[in-house]
Every structure is written in structure tokens, then in C-alpha cells.
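The chain contents come next:
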Amino acid sequence: MNNFFDKKVDVVSKVHNERKSTIRKTNTSDIVYAGLEEEFFYKDTDEAVRESDPIGIDVWVGGSEIFDSDDYKNLECELVLFENVYWRPNHD
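Criteria and cut-off values
Residues numbered from 1 in each chain as written. Predicted model: local features only at pLDDT ≥ 70, side-chain atom pairs only at ≥ 80, totals over all residues. Heavy atoms only, no water. Helix = DSSP H or I, 4+ residues; strand = E, 2+ residues; numbered from the N terminus. Contact = heavy atoms within 4.5 Å. Areas by Shrake-Rupley, 256 points an atom, 1.4 Å probe, with all protein chains shown as cover. Buried < 20%, exposed > 50% of the residue type's maximum accessible area, 1.4 Å probe, protein only. Core = buried A, V, L, I, M, F, W, Y, C linked by side-chain atoms within 4.5 Å. Pairing = 2+ DSSP bridges. Axes fitted to C-alpha atoms, helices over the stretch in contact; angles between N-to-C directions.

K.L.:
For this particular structure, what's the right way to read the overall build of the protein?
P.N.:
Across its full length, the protein holds 1 helix and 5 strands. Mapped from its N terminus to its C terminus, the protein presents α and β elements in the order α-β-β-β-β-β. Residue pairs at least 24 apart in sequence account for 45% of intrachain contacts in the protein once pairs closer than 6 positions are excluded. Accessible surface, the protein as shown: approximately 8,000 Å² in total, 52% of it carbon and sulfur.

K.L.:
Could you clarify how one ought to interpret the side chain of D30 in this entry?
P.N.:
Its location among the elements puts D30 in the loop between α1 (2-24) and β1 (31-33). Ignoring sequence-local partners within four residues, the contact set of D30 consists of G56, I57 and D58.

K.L.:
What am I meant to see in unusual backbone geometry here?
P.N.:
Only a minority of non-glycine residues have a phi that is not negative, and only a minority of peptide bonds are not trans. The residue D46 is not glycine, and still its phi comes out positive at about 60°. Looking at where D46 falls in the secondary structure, it is placed in the loop between β2 (40-42) and β3 (54-61). D46 sits in the partly exposed class, given a relative accessible area of 48%. Even without glycine at this site, S52 takes up a positive phi of about 75°. The residue S52 is located in the loop between β2 and β3 in this model.

K.L.:
Even after reading the chapter, I still don't get the side chain of D53, so can you show me in this structure?
P.N.:
When you line up the elements, D53 lands in the loop between β2 and β3. Owing to a relative accessible area of 17%, D53 belongs among the buried residues under this scheme. Not counting chain neighbours up to four residues away, the residues in contact with D53 comprise V32, Y33, A34 and Y42.

K.L.:
How do you make sense of the nonpolar core when you look at a structure like this?
P.N.:
Formed by V32, A34, F40, V49, I55 and V85, the largest nonpolar core amounts to 6 residues. Setting aside its immediate chain neighbours within four residues, A34 contacts V49, R50, E51, S52, D53 and I55.

K.L.:
How do you make sense of the sheet that holds strand β4 (residues 76-81) when you look at a structure like this?
P.N.:
Within a sheet, each strand pairs with its neighbour through backbone hydrogen bonds, oriented either parallel or antiparallel. Across the sheet, 3 strands lie side by side as β1-β3-β4; this open sheet has antiparallel pairing. Lying at the two open borders of the sheet, with one neighbouring strand each, are β1 and β4. When the angles between neighbouring strand axes are averaged without regard to direction, this sheet yields 35°. Two elements, β3 and β4, share 6 bridges in a ladder whose sense is antiparallel. By the bridge assignment for β4, W60 is matched with C77.

The structure is reproduced here in C-alpha cells:
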């Protein structure tokens, strides 16, 4: 029974360390902020995110583990919103 608990603790610890590693690799320039247009909202209140408040992080996907200049053409930027924010575009 104790062996099961130890394995579970190891898994939780590994996930926690992977999350910390991902956060450490984030540059402040990757953080995306709300603009003038009200299109990002807080999930819990449905209030618009104020201009210049953070809404998420730009994540570059694609390429290879060993990054070189040729990889730029294979990369795409994906906006990953924070857990408490959602997007509702204004199509007036």
C-alpha cells in the first residue's frame, strides 16, 4: 500500500517540476495583454479584462528540439489563454 503512495507522490512531483520548468522558459515578452477592444473576459465574473492586463502567453510550436534558423519557417505562434480568461470576439 505504501508503494502505491510513493509512486503517486513521484508522479505529482514530476508533473510539478515539468510545470516549473515550462514557466521558467517563458520570457516576459511572451506574455500577451488585453488591448482597447473588449474581447477577453474573466470566466468567473464575465467582466472584460482591462486594457494592459495579462490574458495569456504566446507559445511557439513546431520546429525541432535543436533549434536553428531554418526552423523559423516551421513555427507557429499559439496564444494560450490563462485559466481564468476566455475570448469572445466582437463582430459588430
